[in-house]
Structure formats: structure tokens, C-alpha cells
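Single-letter residue listing:
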Amino acid sequence: MTRPDMLQRARSSRGQWDFIVIGGGATGVGIAVDAASRGYRTLLLEQGDFGKGTSSRSTKLVHGGVRYLEQGNISLVMEALKERGLLRQNAPHLVSDLAFVVPSYAWWEAPFYGLGLKLYQALSGKYGFGNSKLLSRKQTLQHLPNIETDGLRGGVMYYDGQFDDSRLLINLVTTAAAHGATLLNYAPVTALTRNRQGWIDGVVATDLESGKQFRARTKVLINATGAFCDGVRRFAEPKAAPMIAPSQGAHLVFDRSFLPGDTAIMVPHTSDGRVMFAIPWHNHTLVGTTDTPIANPSLEPVAMEREIDFILSTAALYLHKKPARADILSAFAGIRPLVKSGDGGNTAALSRDHTIHIDQSGLLTIAGGKWTTYRNMAEDCVNQAATLAQLDEKPCVTRDLPIHGHHPKAARFGTLSVYGSDAPAIQRLIEADRSQAAPLHPALPYCGAEITWAVREEMARTVEDVLARRTRALFLNARAAIEMAPSAAGLIARELGKDAAWERDQVEAFTRIAMNYLPQ
Ligand SMILES: Cc1cc2nc3c(=O)[nH]c(=O)nc-3n(C[C@H](O)[C@H](O)[C@H](O)COP(=O)(O)OP(=O)(O)OC[C@H]3O[C@@H](n4cnc5c(N)ncnc54)[C@H](O)[C@@H]3O)c2cc1C
């Protein structure tokens with residue numbers, strides 16, 4: 001899977017693709033996996049890097065969504081809990097069980113949340129992750145040594161799933177490619193083409209590395225651009241009414257001392273009526289999120305001051321050792337592609353269900369949903385797209401399709417466990433060149449061989465690709481990531497044959513982005 005090969009395939013394909021998918025996030029790549037594994041000819045084009053949008057910026061939970069249960073959206077919860085089970089089955093190297101505790105400070109909280117979480121567990125049926133139970137104050141403290149003790153009565157423990165979002169995305173890209181899909185990063189779609197009947201039949205895209213434009217023709221065009229989907233719809237219909245009410249969510253990352261142990265905290269009702277999590281993730285503590293309606297989505301959103309203040313003040317209510325601004329190692333934000341309900345207002349209440357919309361020009365747009373339900377969304381979308389294109393029906397096979405990297409005992413690979421079945425190949429790279437064995441920074445486990453691997457095997461092209469999405473350095477510790485940038489640039493340059501000026505530009509460009517992850 002190399003970019004030059006993908007580019008050549010994207011540009012030179014004679015005739016029509018069955019599907020062209022615009023957008024290389026969870027939705028688009030999920031569709032590429034589904035379509036290619038059914039045997040449809042599939043091209044996917046992503047304007048930046050795979051996962052550059054929301055799909056690398058989630059809370060990293062594979063979950064049914066306790067909050068949707070509260071809202072009475074039982075069918076969404078059941079569907080997501082089933083998908084949670086399928087994802088753990090198909091990508092066990094990346095999806096794991098995580099114990100959560102809802103701490104209780106009022107007499108009614110433990111029985112109230114205990115009952116709700118029993119229902120949550122029951123709805124998962126045979127896809128369950130573990131039994132929920134009530135905890136005494138002492139047991140709660142054993143699981144959460146840094147929980148605020150003042151007024152603590154006990155808690156309720158339940159189980160959900162956790163994952164590494166951009167790593168799963170890259171594994172899905174590889175899975176789609178293995179089934180014959182062509183997927184190209186750094187290739188924005190800038191215009192759509194029509195046939196004589198006015199039906200959308202292709203795209204104009206640009207290869208950002210050469211600056212050259214190319215065209216590709218398709219039987220159906222799928223717009224899976226998340227929060228950006230209204231922009232693409234306007235390529236087809238300049239007056240198209242917006243479908244999306246974008247909403248920003250921010251997270252803060254701290255060191256492990258704020259959440260020692262392996263248990264996460266779930267706060268079911270913050271002062272703004274939302275759910276908030278504190279989660280152990282890659283040996284750090286991840287706290288979030290917020291829900292702030294915004295006017296226009298940005299590809300590099302920045303956590304707002306009021307979001308940072310809100311997360312810090314909510315965390316301070318529940319943690320004994322309270323995180324301060326100076327403790328923030330990274331602050332990252334993402335944009336939810338929430339589908340409009342029509343009445344505007346509070347985005348926390350908008351549907352998290354996905355929507356498929358077909359414009360009069362035949363452009364199919366899919367938006368909304370969650371990372372957890374990407375597979376089910378893709379199945380739904382490909383069924384509808386195949387009907388629209390009058391293609392032969394082919395059954396969906398992704399329910400039991402192993403995702404690239406699938407390995408039942410990946411924990412044995414230590415810091416390389418997220419690579420699953422790819423880990424031995426990275427170990428061989430290390431053995432072949434010991435200079436790539438040591439971590440590039442003392443604060444993070446990532447070594448040179450992982451950078452080399454990402455460039456050779458995972459279509460990484462820039463310092464940002466390797467430090468933000470192939471490894472998670474930027475999301476875990478932005479300052480460390482900035483300090484790693486020159487070494488990463490050197491390793492990439494060696495693989496891609498770039499010169500010192502390229503390395504300098506890359507370090508500068510990455511540092512500019514990474515500074516936004518460091519609140520002043
Ligand atoms: C703060 C936050 C926390 C979340 N937490 C969770 C969670 O814990 N669990 C969960 O299940 N879900 C979670 N979600 C939801 C989940 O992350 C999203 O539903 C999902 O990532 C959306 O994926 P997507 O592919 O639709 O959008 P994106 O990931 O944004 O992908 C769209 C892609 O389209 C590309 N694009 C746009 N225009 C063009 C163009 N013209 N040409 C080519 N490409 C283009 C963009 O560059 C982008 O990469 C969370 C969301 C947010 C915001």
C-alpha cells in the first residue's frame with residue numbers, strides 16, 4: 001500500500017468506478033471496506049491525511065452511549081452495543097474492555113444509575129462486556145485512588161469498550177486496500193461532473209503533492225465528508241440547505257497520576273447536563289468532552305478557552321488531586337457532524353443516528369452516527385448506493401471480517417501491541433537497524449522504526465501524519481511531539497528521498513499546528 005501506486009491507480013483507471021467515496025474518516029473508509037469486500041470497484045479520496053478530521057479526535061470509546069439511554073433512544077443504544085461486540089471480535093488488538101465507575105455522592109445516585117446501567121448491560125445481550133455492580137465507598141476508592149473523597153458514598157461499576165481511533169482507521173484503510181479498493185490521501189475533490197441527463201457521474205480532484213488535477217468517473221458518488229458534507233453538496237447544488245449542525249468537543253490530556261489504575265470515571269450529569277469521562281488512555285489521562293455549537297467546521301479545530309475552563313472545573317469536582325492548566329499535556333478538539341433537527345438549539349440533544357440523503361443530482365450523502373457504528377452505517381450506505389447505481393446485489397460480509405492487524409493476543413507485543421499482527425514486522429525493522437529501537441522522546445514510547453513503518457506501509461507523508469495519527473504523540477503530549485519532530489522528519493526524509501529544506505519546512509509546519517494543542 002504505497003501512495004504512488006494508489007495515485008497511479010486513481011488517475012489511470014479506465015471506465016467507471018462502481019463507487020467513488022469522498023472523505024477518509026471512519027464513515028468513508030468503513031464504506032470502502034464494505035464495498036470492496038463485496039467486490040465493488042471502489043475509489044476513496046481524502047483531502048488531507050486519513051483520519052485528519054473528526055475520526056482521530058474522539059473520546060476513544062466503543063460504546064452504546066449511556067447518555068442515549070437516558071434520552072430513551074433504546075434502538076440506537078442496542079445497535080451500538082451490538083457493533084461494540086462485533087468490533088472487539090474483528091479488531092481485538094485495538095478494542096478492549098474498560099471498567100467505568102459512576103461515583104455517587106447523593107443517596108439516590110447509586111440505586112438510580114445502578115438500575116440504568118443494568119438495563120445498559122441487558123441491552124447488549126450476547127455482546128456483553130461484563131456485569132455492572134454497586135460498589136461500597138471502600139471499593140470505589142480501591143478502583144479510583146484519586147477520586148474526591150469528600151461526601152463520597154460509593155459508586156456503580158459497568159463495562160464499555162475503548163480503542164485507538166486513528167490506528168483503527170489506518171487498519172481499515174489497509175483492510176479496504178487488501179480487498180482491492182484504491183484509497184488516496186492528500187487528494188481533495190474540488191468539483192463534481194455530470195452526465196448528459198444532469199446526473200452526477202464523477203469528480204475533479206487534485207493530487208496535492210504534484211498539484212496536478214485528475215478526473216474520475218463513477219456510477220454513484222458517496223459524500224462521506226462528515227462535518228464538511230454541506231460544502232460538497234453545494235458543489236452539486238449551490239443552494240442546498242445545510243444538513244449539518246456542527247458542534248465542537250474538546251478533550252484535555254494529563255499524566256497518569258490523575259487517574260492511577262485501570263478504571264475510568266463517568267460523570268452522568270455535568271453542570272451543562274452532559275456526560276463527562278476521565279479515561280486511562282495510552283498511559284495518560286484523557287478528560288472530556290464538551291458540546292459547543294459552532295458556525296463553520298475547521299479541519300484543525302482548537303480547544304476554546306471556555307471549553308478548557310469547563311473541563312478543568314468539572315474534573316476538579318471529582319478528582320482529589322486536581323488538574324491545573326499547567327498540567328495539560330495536550331488539548332485537542334473535534335467537530336461532531338450532527339444532523340440538523342430543524343429547530344437549531346442545543347446540539348447535545350440532536351440525534352447521533354446516521355442519515356442518508358440523496359440529492360436530486362444523485363449525490364448520496366451519509367452523515368451523523370458514531371465511530372462505534374461505522375460498520376453498520378457502511379452496510380446501510382452500500383446497500384442504498386448499489387440500488388441507486390443499479391448494481392448487482394452482493395451481500396455485506398463485514399460482520400465477521402477480520403480487520404487488518406487482527407491478533408487475539410496482541411498484548412504480548414508490549415508497546416507495539418496496537419499494531420497487532422504487524423508488530424513482528426516492526427520488531428524485525430528494529431533488529432535490522434538498532435538505531436531505530438530507542439524511543440524518540442523519553443516521555444513517550446514511540447521509536448524510530450514506527451515512523452519508518454508508517455511511511456513504508458501506511459501511506460504517511462508528513463511529520464504530522466506520523467506524530468498525530470500513526471503514533472498518537474501529538475494527542476498525548478504536544479510538547480514532547482514538537483521535540484520529536486526533527487527526528488521524525490529525518491526518518492521520513494530518508495524514506496521519501498527528501499532534502500534538508502523539506503525537513504525544515506515539515507518541522508515548522510508541524511510546530512505551528514502543535515502549538516494549538518498547548519493552551520497558554
Ligand atoms: C469530541 C468528539 C468525541 C467523540 N467521541 C466518540 C466516541 O468516543 N465514540 C464514538 O463512537 N464516536 C465518537 N464521536 C463521533 C465520531 O468521532 C464521529 O461520528 C466520526 O469520527 C465521524 O466520522 P466521519 O468519517 O463522518 O467524519 P470525519 O472523520 O471528519 O471525516 C470526513 C473526512 O472528509 C474529508 N473531506 C472533507 N472535504 C473533502 C473533500 N472536498 N475532498 C476530500 N476529502 C474531504 C475530511 O478531510 C475528513 O477527513 C465523537 C465525536 C466528537 C466530535
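Residues numbered from 1 in each chain as written. Predicted model: local features only at pLDDT ≥ 70, side-chain atom pairs only at ≥ 80, totals over all residues. Heavy atoms only, no water.

Novice: Describe in detail the overall build of the chain, supporting the description with residues and values.
Specialist: Each helix and strand counted, the chain has 16 helices and 20 strands in total. On C-alpha atoms alone, the chain measures out to a radius of gyration of 23 Å, which is about the 24 Å that the 2.2 N^0.38 rule sets for 520 residues. In terms of its C-alpha atoms, the chain occupies a principal-axis envelope of roughly 70 × 55 × 40 Å. Across the chain, the fraction of contacts at a sequence separation of at least 24, relative to all contacts at a separation of at least 6, is 72%. Carbon and sulfur atoms make up 52% of the accessible area of the chain, which amounts to about 20200 Å² in all. (Helix = DSSP H or I, 4+ residues; strand = E, 2+ residues; numbered from the N terminus. Rg over C-alpha atoms; globule rule 2.2 N^0.38 Å. Contact = heavy atoms within 4.5 Å. Areas by Shrake-Rupley, 256 points an atom, 1.4 Å probe, with all protein chains shown as cover.)

Novice: Describe the nonpolar core, with residues and values.
Specialist: By size, the foremost hydrophobic cluster in this structure holds 79 residues, and its most contacted members are Phe19, Leu45, Leu183 and Ile222. Not counting the four nearest positions on each side in its chain, phenylalanine 19 is found in contact with Ala35, Tyr40, Arg41, Thr42, Leu43, Thr218, Val220, Ile222, Val382, Ala385, Ala386 and Leu391. Core analysis: the next-biggest nonpolar cluster, separate from the first, contains 35 residues, Phe332, Tyr446, Ile451 and Leu518 among them. (Core = buried A, V, L, I, M, F, W, Y, C linked by side-chain atoms within 4.5 Å. Buried < 20%, exposed > 50% of the residue type's maximum accessible area, 1.4 Å probe, protein only.)

Novice: I'd like a description of helix α9 (residues 305–318), backed by residues and values.
Specialist: Between its first and last C-alpha atoms α9 spans 21 Å; for 14 residues at 1.5 Å apiece the expected length is 20 Å, and the two agree. Against the buried residues of α9 lie β4 (96–104), β11 (244–255), β12 (263–267), β13 (276–281), β14 (284–288) and β15 (292–293). (Expected span 1.5 Å × (residues − 1).)

Novice: Let's hear about the packing of helix α13 (residues 463–470) against helix α16 (residues 500–515): which residues, and what values?
Specialist: Running from N to C, α13 and α16 point in directions that differ by 40°, and their axes come no closer than 8 Å. With respect to their mutual orientation, α13 and α16 come out oblique. Taken together, the residues of α16 that come into contact with α13 (itself represented by Val463, Glu464 and Leu467) are Gln506, Phe510 and Ile513. (Axes fitted to C-alpha atoms, helices over the stretch in contact; angles between N-to-C directions. Parallel < 35°, antiparallel > 145°, perpendicular 65-115°, else oblique.)

Novice: Kindly report on the pairing of β12, identifying the contributing residues and their values.
Specialist: Burial runs high along β12: 5 of the 5 residues are buried. Burial along β12 is two-sided: Thr263, Ile265 and Val267 and Ala264 and Met266, pointing in opposite directions, are all buried. Alignment of β4 against β12, held across 3 bridges, turns out to be parallel. What sits directly across from alanine 99, in β12, is threonine 263. Alignment of β12 against β13, held across 3 bridges, turns out to be antiparallel. Residue pairing for β13: valine 267 is matched across the bridge by methionine 276. (Pairing = 2+ DSSP bridges.)

Novice: Can you tell me about the packing of aromatic side chains, naming the residues and giving the values?
Specialist: One pass over the structure, following the stated rule, counts 13 aromatic pairs. With a centroid separation of 5.2 Å and an interplanar angle of 80°, the aromatic rings of phenylalanine 163 and tryptophan 371 are classed as edge-to-face. With phenylalanine 163 in the loop between β6 (154–162) and α7 (165–178) and tryptophan 371 in the loop between β18 (364–368) and α10 (374–388), the pair connects residues that are 208 residues apart, well separated along the chain. Both residues of the pair, phenylalanine 163 and tryptophan 371, count as buried. Chaining the aromatic ring pairs together yields one cluster made of Phe100, Tyr120, Tyr158 and Phe277. In this arrangement the basic side chain of arginine 88 is found over the ring face of phenylalanine 129, its NZ or CZ atom lying 3.8 Å from the centre. The ring centre of phenylalanine 258 lies 4.3 Å from the NZ or CZ of lysine 321, which sits over that ring. (Phe/Tyr/Trp six-rings, centres within 6.5 Å; stacked < 30°, edge-to-face > 60°. Lys NZ or Arg CZ within 6 Å of the ring centre and 35° of its normal.)

Novice: Which residues make up the layout of surface pockets, and what are the values?
Specialist: Taken as a whole, the second largest pocket holds about 620 Å³ of empty space. The wall of the second largest pocket is formed by 29 residues, among which His282, Asn283, Gly414, Ser417 and Val418 lie closest to the centre. Contributing elements (two or more residues each) for the lining of the second largest pocket: β20 (444–447) and α13. Among the residues making up the lining of the second largest pocket, the classes are represented as 13 nonpolar, 10 polar and 6 charged. (1 Å grid on protein atoms, 1.4 Å probe; cavity = no way out; pocket = protein on both sides within 12 Å on 5 of 7 lines; lining within 4 Å. Points joined across faces, edges and corners; volume = space filled by probe spheres on them. Nonpolar A, V, L, I, M, F, W, Y, C, P; charged D, E, K, R; others polar.)

Novice: Can you lay out the pairing of β14 for me, pointing to particular residues and giving the numbers?
Specialist: Among the 5 residues in β14, 5 count as buried, and that is most of the element. Of the two faces of β14, both are covered, the one formed by His284, Leu286 and Gly288 as well as the one formed by Thr285 and Val287. Here β13 pairs with β14 via 5 bridges, running antiparallel. Each bridged residue has a counterpart across the sheet, and for phenylalanine 277 the counterpart in β14 is glycine 288. Where β13 folds back onto β14 in an antiparallel hairpin, the turn is made up of 2 residues, including histidine 282, whose phi is positive at roughly 45°.

Novice: A description of the environment of alanine 367 should follow, citing residues and the corresponding values.
Specialist: Within the element layout of this structure, alanine 367 appears in strand β18. With sequence-adjacent residues up to four places away left out, alanine 367 is seen in contact with Cys229, Met243, Ile244, Pro337, Val339, Asp353, His354 and Thr355.

Novice: For helix α2 (residues 26–38), give the residues involved together with the corresponding values.
Specialist: The end-to-end C-alpha distance of α2 is 18 Å, a good match for the 18 Å that 13 residues give at a rise of 1.5 Å each. Phi for glycine 39, located one or two positions after α2, is positive at around 100°.

Novice: Describe the site of the ligand, and please don't skip the residues or the numbers.
Specialist: Taken together, 36 residues lie near the ligand, and Thr27, Glu46, Ser55, Leu61 and Thr372 sit nearest. Contacts to the ligand include alanine 26, whose backbone N or O atom sits 3.2 Å from an oxygen atom. Contacts to the ligand include leucine 61, whose backbone N or O atom sits 2.7 Å from a nitrogen atom. Starting from 1000 Å² of accessible surface for the ligand in isolation, the protein chains cover 96%. Sort the elements by how many residues they give to the shell around the ligand and strand β16 (residues 330–339) lands first, with 3 residues. When its residues are assigned to classes, the shell around the ligand shows 12 nonpolar, 19 polar and 5 charged. (Near = heavy atom within 4 Å. Polar contact = N/O pair within 3.5 Å; in protein donor to acceptor, adjacent residues only side chain to side chain.)

Novice: Tell me about the side chain of histidine 354, residues and numbers included.
Specialist: Inspection of the secondary structure assignment puts histidine 354 in strand β17 (residues 354–358). Here aspartate 380 takes part through its side chain, which lies 2.8 Å from a polar atom of the side chain of histidine 354. Excluding residues within four positions of it along the chain, histidine 354 makes contact with Ile366, Ala367, Gly368, Gly369, Asn376, Met377 and Asp380.

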